[in-house]
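Each chain is listed here by its residues.
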Amino acid sequence: MQRRTALKQLGFLAGGALLLPSCLRRETVKEATIQLKNIVFNGNQESTLAAMCEALIPKSDLPGARELNTHHFVLRMIDDCYEPEAQQKFLAGFAQAEKAIDKKTGKNFEECMLEEQQAFLKDMESATEGENNLSGFYKPFRELTIRAYLGSEYIMTNVFGYNMIPGTFKGAVEINGASDLKTLFG
Amino acid sequence: MNINVDGKGQNTYDAIVIGSGISGGWAAKEFGEKGLKTLVLERGRDVKHNVDYPTTNLKPWEFEHKGQLPLSVTKENPIVSKCYAFREDAQHFFVKDNDHPYIQDKPFDWIRGYQVGGKSLLWARQTQRWSTYDFEGPDRDGFAVPWPIGYDDLAPWYSYVEKFAGISGNKDGLSELPDGEFLPPMEMTKVEHYFKGKVAEKYKDRHVIIGRCAHITEPQPIHTQQGRVKCQHRDLCQRGCPFGGYFSSNASTIPWALKTGNVTLRPHSVVHSIIYDEQKGRATGVRVIDSETKEATEFFATIIFVNAAALNTNLILLNSTSSRFPQGLGNDNGLLGKFVAFHNYRARVSAEYEGFENFTKYGNRPNSCYIPRFRNVHKQETDFLRGYAAGFGGSRGVVRNSEGIGEDLKENILNPKLGKWYVGSHMMGETIPKESNYVALDTDKKDAWGIPQLKISIDYDDNDEKMVKDYLEQMTEMYTQAGFTNIKTSDSHQAPGLDIHEMGGVRMGKDPKTSLLNKWNQLHACKNVFVTDGACMTSTSTQNPSLTYMAFTARAVDYAVKQMNAKEL
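Residues numbered from 1 in each chain as written. Chains lettered and ligands numbered in written order. Predicted model: local features only at pLDDT ≥ 70, side-chain atom pairs only at ≥ 80, totals over all residues. Heavy atoms only, no water.

Participant: Sorry, what's going on with the overall build of chain A here?
Facilitator: On a plain count of helices and strands, chain A comes out with 8 helices and 1 strand. When the helices and strands of chain A are listed from N to C terminus, the series reads α-α-α-α-α-α-α-β-α. Within chain A, the proportion of its 186 residues that are buried is 51%. The long-range share in chain A, meaning contacts at least 24 apart out of those at least 6 apart in sequence, stands at 60%. For chain A, the accessible area works out to roughly 9400 Å², and carbon and sulfur atoms hold 53% of it. (Helix = DSSP H or I, 4+ residues; strand = E, 2+ residues; numbered from the N terminus. Buried < 20%, exposed > 50% of the residue type's maximum accessible area, 1.4 Å probe, protein only. Contact = heavy atoms within 4.5 Å. Areas by Shrake-Rupley, 256 points an atom, 1.4 Å probe, with all protein chains shown as cover.)

Shown next as structure tokens:
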């Protein structure tokens, strides 16, 4: 937001559309739907992040990452549980990712088709293997999205049969080929 | 100090109990049942069973950070953050570093729970009796001072507290770890059973048993009367248990005590010191500072029980000075605060086992297996004194491939596989009480209530180092014998304190010249003051100590009341 304001003040915004990355081309900047204490992240960025989470774990017969609000957990954790330095790397890496997708496709992440989005995530994944700014975003993004997804009420109850009150403990349960996940991990 | 001395009559009781944790709760219950008008002073807030367990029914996804604590909390609390249970679900039951500072002459991670129930909400609930060999240790091996009592003195009181608290365990028939009044044992896992068998086969004197723990596995009428039911295997004990499945002061002794109508519980009451009356030659009461208003009040009683938790009990006695006792109450020999010891929890050994692939476990077990001390039990055998017990557990890991993007990733993470069986063990070593391991009052720094801060000077010694080495070697050998693979040893070098088993400073003994308390936990030099928490411990042995504090407390209350009735107190 500060950056946008700065650009506006410098008079770049009106005629500068062609020069600016697509993420900054949107007409209005929305407020984020999550209250953050330490990092600055606007609603447009939040929406991009949600799309990235969804591309990482898309909807099928089971809900996707967006529906399970994983992007909120990603932001909550970055905001509350990461060192300031890691927070800055996350933000810088995110900005770099936005620019890179614009450069590659001329569109913002949300405007891309799922295949393009996933191809881009793959690019990021290989790019981060050589350790660079992107990894400061991509690694925690990926790890926290997976953690949020697996730790969601929907997945914990419907897929893994989470039972808060097992009532008993059995030391030796025999398993066989037909044993389902709920038996294996109960 | 501005003291409110109005209404001395209404501030007078038969007994005052300082502290409402695991031993204070027992004192409250025993006094209440015996009909004594009793005041229980707790420095923290009230925590009512169930009512004040805010996280107890929260599902994992209902925690904002899924259990993890925000960086702001861990950075502000470097000490308590080292404790395994200081997490999002139970952080409200721990003392925060800045609220109650102390001085570390040597590194000491002092973990505290200031609330009604104290650390009994947070304890690991392992409950083993001491054996005759443990009580005989100091005398046989020539350290500390001889215990003034033996196993036979305490055995009936172990039985007494076990029946009420509810202790699950197996009658293993081991002289080094006497059986108790057990509710049915919890089950061992496949690999734990296997290890038990292998150890029994290779070593005559080593035993792997299921842990004896303060969980109700089959409620008896005495538990139902407390409103407690069977442990539900949630394994979320640190949040406070809505079923009363495990023993805590909050679920058990405190409500029981209050039900007698004889007990008054007063939270927010920081005890400044015990009042000693020179003319009467006895303690007459305590000075209390309200933790919120800082107002000082005096309370009076015939009998005073100090159950403030080991180091705070030392602090209160050290701060109870008079012209008769310028160095602290009952401290004629200058040994108050000295000979503090703890348990050495530094070392761990983990490994894997290939086999039992078609077996797993179901549910959670808030308990593990236990290996009683096998070193130097009957005679001195090693180059170090005493020995160690060990926790042991075996379960199956989960292998989760989290590679890929999109559907591939989803497929991978939603289809985890059971991994190999893994096993883990940690040592619980006896440390030798020494005069050089001590606590004292700081001469400058005071806390927010005008009470001197505690200065802690406690460290490991060579004996501890040798014991760590031996534990790692012996456990590795036992694992190897059992065919475990990928054996990994570690020494955390954690500071004393993190074991949360600090003991001593007001030790029991036969001789007033070398100890503070007699065989009834009574100050030699001030007979109406009793100490029955960890501060009374002459040596530490290897057992988790709480059960022994409970037994000491019930025994001492019984004695104190008999003495009072006989006009001896």
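Participant: Any chance you could explain the packing of helix H5 (residues 190–202) of chain B against helix H10 (residues 462–481) of chain B here in plain terms?
Facilitator: Between two packed helices, both the angle of their axes relative to each other and the distance between the axes serve to describe the pair. All names here are of chain B. In contact at an axis separation of 9 Å, H5 and H10 are set at 105 degrees when each is read in the N-to-C sense. Taken as axis vectors, H5 and H10 run roughly perpendicular relative to one another. Contact residues: Phe 195, Lys 198, Val 199 and Lys 202 in H5; Met 478, Tyr 479 and Gln 481 in H10. Looking at the contact of H5 with H10 residue by residue, the classes come out as 4 nonpolar, 1 polar and 2 charged. (Axes fitted to C-alpha atoms, helices over the stretch in contact; angles between N-to-C directions. Parallel < 35°, antiparallel > 145°, perpendicular 65-115°, else oblique. Nonpolar A, V, L, I, M, F, W, Y, C, P; charged D, E, K, R; others polar.)

Participant: Looking at this structure, I do not really get the pattern of salt bridges. What am I missing?
Facilitator: As enumerated under the stated definition, the model contains 36 salt bridges over all chains in all. Between Arg 373 of chain B and Asp 134 of chain B there is a salt bridge, with the nearest N and O atoms lying 3.5 Å from each other. One end of the pair, Arg 373 of chain B, is in the loop between strand E16 (369–371) and strand E17 (388–399); the other, Asp 134 of chain B, is in helix H3 (residues 132–141), with 239 residues separating them in the sequence. Judged by relative accessible area, which is 6%, Arg 373 of chain B ranks as buried. Using a relative accessible area of 3% as the deciding quantity, one classes Asp 134 of chain B as buried. Among the salt bridges present, the one from Arg 287 of chain B reaches Glu 298 of chain B, with a minimum N-O distance of 3.8 Å. Of the two residues, Arg 287 of chain B is situated in strand E10 (residues 282–290) and Glu 298 of chain B in strand E11 (residues 296–306); the sequence distance between them amounts to 11 residues. With a relative accessible area of 13%, Glu 298 of chain B lands in the buried category. Through salt bridges with shared partners, a single network forms among Lys 37, Arg 76 and Asp 80 of chain A together with Glu 64 of chain B. (Salt bridge = Lys/Arg side-chain N within 4 Å of Asp/Glu carboxyl O.)

Participant: For this particular structure, what's the right way to read the packing of aromatic side chains?
Facilitator: Here a ring pair, both rings aromatic, is described through the centre-centre distance and the interplanar angle of the planes. Residues and elements named next belong to chain B. Inspection of the entire model under this criterion finds 38 aromatic pairs over all chains. Pairing Trp 26 with Tyr 160 gives two aromatic rings, centres 6.2 Å apart and planes at 55 degrees, and the pair type is tilted. Pair noted here: Trp 26 is in helix H1 (residues 22–33) and Tyr 160 is in helix H4 (residues 151–165), with a separation of 134 residues, a long-range link. For Trp 26, a relative accessible area of 0% translates into the label buried. With 5.1 Å between their ring centres and 90 degrees between their planes, Phe 31 and Phe 305 make a pair best called edge-to-face. (Phe/Tyr/Trp six-rings, centres within 6.5 Å; stacked < 30°, edge-to-face > 60°.)

Participant: In this structure, what is going on with the packing of H1 of chain B against H4 of chain B? I would like to understand it.
Facilitator: Residues and elements named next belong to chain B. One way to put it is that H1 packs onto H4 with a least axis distance of 13 Å and a crossing angle of 95 degrees. By the criterion of interaxial angle, the relationship of H1 to H4 is roughly perpendicular. Contacts from Trp 26, Lys 29, Glu 30 and Glu 33 of H1 reach H4 at Tyr 160, Val 161 and Phe 164. Class assignment for the residues of the contact of H1 with H4 results in 4 nonpolar, no polar and 3 charged.

Participant: Got a minute to help me understand H5 of chain B in this structure?
Facilitator: Each full turn of the α-helix corresponds to 3.6 residues, which orients residues three or four apart in the same direction. All names here are of chain B. Over its 13 residues, H5 runs 19 Å from end to end, which matches the ideal 18 Å to within 8%, given 1.5 Å per residue. Burial in H5 covers these residues: Val 191, Glu 192, Tyr 194, Phe 195 and Val 199. Buried positions in H5, seen along its axis, are confined to an arc of 160 degrees and lie on one side of it. Looking at H5, the residues exposed on the side facing more than 90 degrees away from the buried face are Ala 200 and Glu 201. Among the structural elements, strand E14 (347–353), E16, E17, strand E18 (417–430) and H10 are those in contact with the buried residues of H5. (Expected span 1.5 Å × (residues − 1). Arc of directions from axis to C-beta.)

Participant: Looking at this structure, how should I read the interface of chain B and chain A?
Facilitator: Interfaces are often sized by the amount of accessible area the parts lose when they come together. If you look at the interface, chain B gives 52 residues, while chain A gives 54 residues. Carbon and sulfur atoms supply 64% of the area that chain B and chain A bury against each other, a total of about 4400 Å² over both sides. For chain B, the biggest contributors to the area lost against chain A are Trp 61, Tyr 362 and Ile 405 of chain B; these three give 19% of the whole. At the junction of chain B with chain A, the criterion picks out 3 salt bridges. Notably, a salt bridge pairs Lys 170 of chain A with Glu 187 of chain B, separated by 4.0 Å at the nearest N-O pair. Looking at chain direction, strand E1 (residues 170–174) of chain A and strand E15 (residues 359–362) of chain B are connected through 3 bridges and run antiparallel. Residue pairing in the sheet places Val 173 of chain A in a bridge with Thr 360 of chain B of E15 of chain B. (Buried area = accessible area lost by both parts, 1.4 Å probe. Pairing = 2+ DSSP bridges.)

Participant: In this structure, what is going on with the confidence of the model for chain B? I would like to understand it.
Facilitator: Predicted coordinates in areas of low pLDDT are best not read in detail. For chain B, the average pLDDT comes to 97, and 99% of its residues sit at 70 or higher. We note a pTM of 0.94 for the whole complex and an ipTM of 0.92 for its interfaces. (pLDDT = per-residue confidence, 0-100.)

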